[in-house]
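Structural features, examined
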Amino acid sequence: MVSRVIPVDPFDLIIFGGTGDLAQRKIMPALFRRFCAGQWPADAQVIGAARGDLDRAGFQAVVAESLRSYASDLARNGDALNAFLQRVGFVRLDALSDAGWDQLAGLLDNARVRAFYFSVGPGLFAPLATKIQAHNLATDKTRIVVEKPFGHDLESSRALNATLAAHFRESQIYRIDHYLGKETVQNLMAVRFGNMLFEPLWNSQYVDHIQITVAETVGIDGREDYYDRAGAMRDMMQNHLMQLLCLIAMEPPAKFDPDAVRDEKLKVIRALDPVEPHHIVRGQFGAGADGPGYRDVVGNPRSATESYVALRAHVSNWRWAGTPFYLRTGKRLVARSSVINVLFKDAPHSIFGAAAGRHANALSIRLQPNEGITLKVTIKEPGPGGMRLVDVPLDMSFAEALGPDSDTPPDAYERLVMDVIRGNQTLFMRGDEVEAAWAWVDPIIAGWQARGDVPKPYDSGSTGPGDAELLMKRDGRHWQGIKP
Ligand code: BG6
């Protein structure tokens, strides 16, 4: 595979919460990888900002340690690691006081792109934004990056948007949904809009239904407090799965540019019908060989938070009228597997008669692992014995088709952080999208609360609660397997 790396403009990237888990596990390794790939220009630096009692050398040691764990393949090269560490600075700084801000100002260059990464809880967004302005640190080339959770509901997301809007223009705000940075998620757009083959069939006339599965084997260890207040609906459905749904269902944008794409995604969210209570299943994992059950993990024997959710959604517009979208996601399931399946309708008439059975095409887009695309087509079973039909996969594994480099696609953060520096918001959520997603999710959660809904237990290491199967069965359909 030919790798084409175009260096970005000179930049100063400041990470608030620089010693935190996200910064060390995701952002720094992503920056290091882009550095090693030659994407950093000569005048660029990353500055960690945190309250901790550290100096620059101490912070560099923390970063080196993280890179040895999370980018071990590249960090083995001592020269590369040292060269990167020369570009790593640190300021001790407090979002709630003026300490450290002048020192930060002294490290920055007004001519460069300036990106402030808010890798902190949303409670600090407002104080940080205020301090940035108070210390005159916002230049024309300034961007800010914020992470989910972007609010807890519609009201809080509106308040957060208003807070940020008081200090920055929407064009300066980069709201990360890391699923949009995944290579195969971008490929979804390439497949849909770069080929003639699929788009004419991409509607309710030819598509029977669509399934979006994001299954995880991991639990919630280390994030119990957050997760027990969020649950799968807020943690995964409101953002990652809805974003996938948008990319699958949206109309072709006129251009691959930020507002054209985000306008189309927003229309999808706004076209979603409210979900009927009997079209949604919540689950909570029990104990298993891989650890204790949910309630023991969070230390709350009565927790009614879901670690699994499956639902049937409808996009009420001309293209999708009558086509169900089934979405499911859960923790501690049998396998890690994120896949979108587009199930086409049967051919209108079988010239081979009933004995040939029923066959329908299906397109599977595997986001992770084993990124690739499979198209199931029907052919004649080879050999004598009449016209017997069989389904075979046309399998395009990116690793096989594009060479070994594609085997390990770049981490989503590599793409997204560089897009921030480039000033490209296409793969970031706009404020109105986030609010529209909450406006769809809020009544679902309110309904559970009003009814005192309790999630169905499911076995750790299984495919989720049995009721999720029923959700499909009632419609004469079944989930495509979660492949181990
Ligand atoms: C995060 C969620 O946004 O995405 C986690 O908060 C989840 O609960 C994670 O595990 C999944 O991301 P990935 O990239 O591992 O599929």
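Figured I'd write up the structure that's included with this text.

How each quantity is defined
Residues numbered from 1 in each chain as written. Predicted model: local features only at pLDDT ≥ 70, side-chain atom pairs only at ≥ 80, totals over all residues. Heavy atoms only, no water. Helix = DSSP H or I, 4+ residues; strand = E, 2+ residues; numbered from the N terminus. Contact = heavy atoms within 4.5 Å. Areas by Shrake-Rupley, 256 points an atom, 1.4 Å probe, with all protein chains shown as cover. Buried < 20%, exposed > 50% of the residue type's maximum accessible area, 1.4 Å probe, protein only. Arc of directions from axis to C-beta. Polar contact = N/O pair within 3.5 Å; in protein donor to acceptor, adjacent residues only side chain to side chain. Core = buried A, V, L, I, M, F, W, Y, C linked by side-chain atoms within 4.5 Å. 1 Å grid on protein atoms, 1.4 Å probe; cavity = no way out; pocket = protein on both sides within 12 Å on 5 of 7 lines; lining within 4 Å. Points joined across faces, edges and corners; volume = space filled by probe spheres on them. Nonpolar A, V, L, I, M, F, W, Y, C, P; charged D, E, K, R; others polar. Pairing = 2+ DSSP bridges. Axes fitted to C-alpha atoms, helices over the stretch in contact; angles between N-to-C directions.

The next thing to look at is the overall build of the protein. Of regular secondary structure, the protein possesses 15 helices and 15 strands. The principal-axis extent of the C-alpha atoms belonging to the protein is close to 80 × 55 × 45 Å. Sequence-distant contacts in the protein: of pairs separated by 6 or more residues, those separated by 24 or more amount to 76%. Surface exposure of the protein reaches about 21,300 Å², of which carbon and sulfur atoms provide 53%.

Let us look at helix 4 (residues 78-85). By the burial criterion, the buried members of helix 4 are Ala 80, Leu 81, Phe 84 and Leu 85. Down the axis, helix 4 shows its buried residues gathered within 130° of arc, on one side only. For helix 4, the secondary structure elements touched by its buried residues are helix 1 (21-36), strand 2 (44-50), helix 2 (56-70), helix 3 (72-75) and strand 3 (88-92). The opening residue of helix 4, the one whose side-chain oxygen lies 3.0 Å from the backbone nitrogen of Asp 79, is Asn 77.

Moving on: the nonpolar core. Counting 145 residues, the largest nonpolar core has Phe 16, Leu 31, Phe 84, Leu 104, Tyr 117, Phe 118 and Phe 325 as its most contacted members. Top contributing element to this core by residue count: helix 9 (residues 224-249), with 13 residues. Once you skip the residues sitting within four places of it in the chain, Phe 16 turns out to touch Ala 49, Leu 93, Trp 101, Phe 116, Tyr 117, Phe 118, Ser 119, Val 120, Leu 128 and Ile 132.

Right, let's get into empty space enclosed by the protein. Overall, the coordinates contain 3 cavities of 30 Å³ or more when judged by the stated rule. Each pocket or cavity is described by its volume, and for the largest cavity that value is around 60 Å³. Surrounding the largest cavity, Lys 148, Pro 149, Phe 150, Gly 151, Arg 234, Gln 238, Asn 239, Met 429, Val 434 and Trp 438 form its lining. At the level of secondary structure, the elements contributing two or more residues to the lining of the largest cavity comprise helix 9 and helix 14 (431-451). The biggest single contributor to the lining of the largest cavity is helix 9, with 3 residues. For the lining of the largest cavity, a count of residues per class yields 5 nonpolar, 3 polar and 2 charged. Each pocket or cavity is described by its volume, and for the second largest cavity that value is around 40 Å³.

Let us look at the sheet that holds strand 9 (residues 308-314). The 9 strands lie next to each other as 14-13-12-11-7-10-9-8-15, forming an open sheet whose pairing is mixed. The outermost strands of the open sheet, each flanked by one partner alone, are strand 14 (389-397) and strand 15 (456-458). The average undirected angle you get between the axes of adjacent strands in this sheet is 20°. In terms of strand pairing, strand 8 (residues 280-285) meets strand 15 through 3 bridges, oriented parallel. Considered in strand 15, the bridge of Phe 285 is made with Tyr 458.

On the basis of which strands lie adjacent, the open sheet formed by 6 strands has the order 3-2-1-4-5-6 and parallel pairing. Where the open sheet ends on each side, the last strands, each with one partner, are strand 3 and strand 6 (173-175). Pairwise comparison of adjacent strand axes, ignoring direction, gives a mean angle of 20° for this sheet. Pairing of strand 4 (residues 113-118) with strand 5 (residues 142-146), which is carried by 5 bridges, proceeds in the parallel orientation. Bridged to Arg 114 within strand 5 is Thr 142. Along the sheet, helix 2 contacts strand 2 and strand 3; its crossing angle with strand 3, the most-contacted strand, is approximately 125°. Lying on the sheet, helix 6 (residues 125-134) is in contact with strand 1 (11-16), strand 4 and strand 5; it crosses strand 4 at an angle near 155°.

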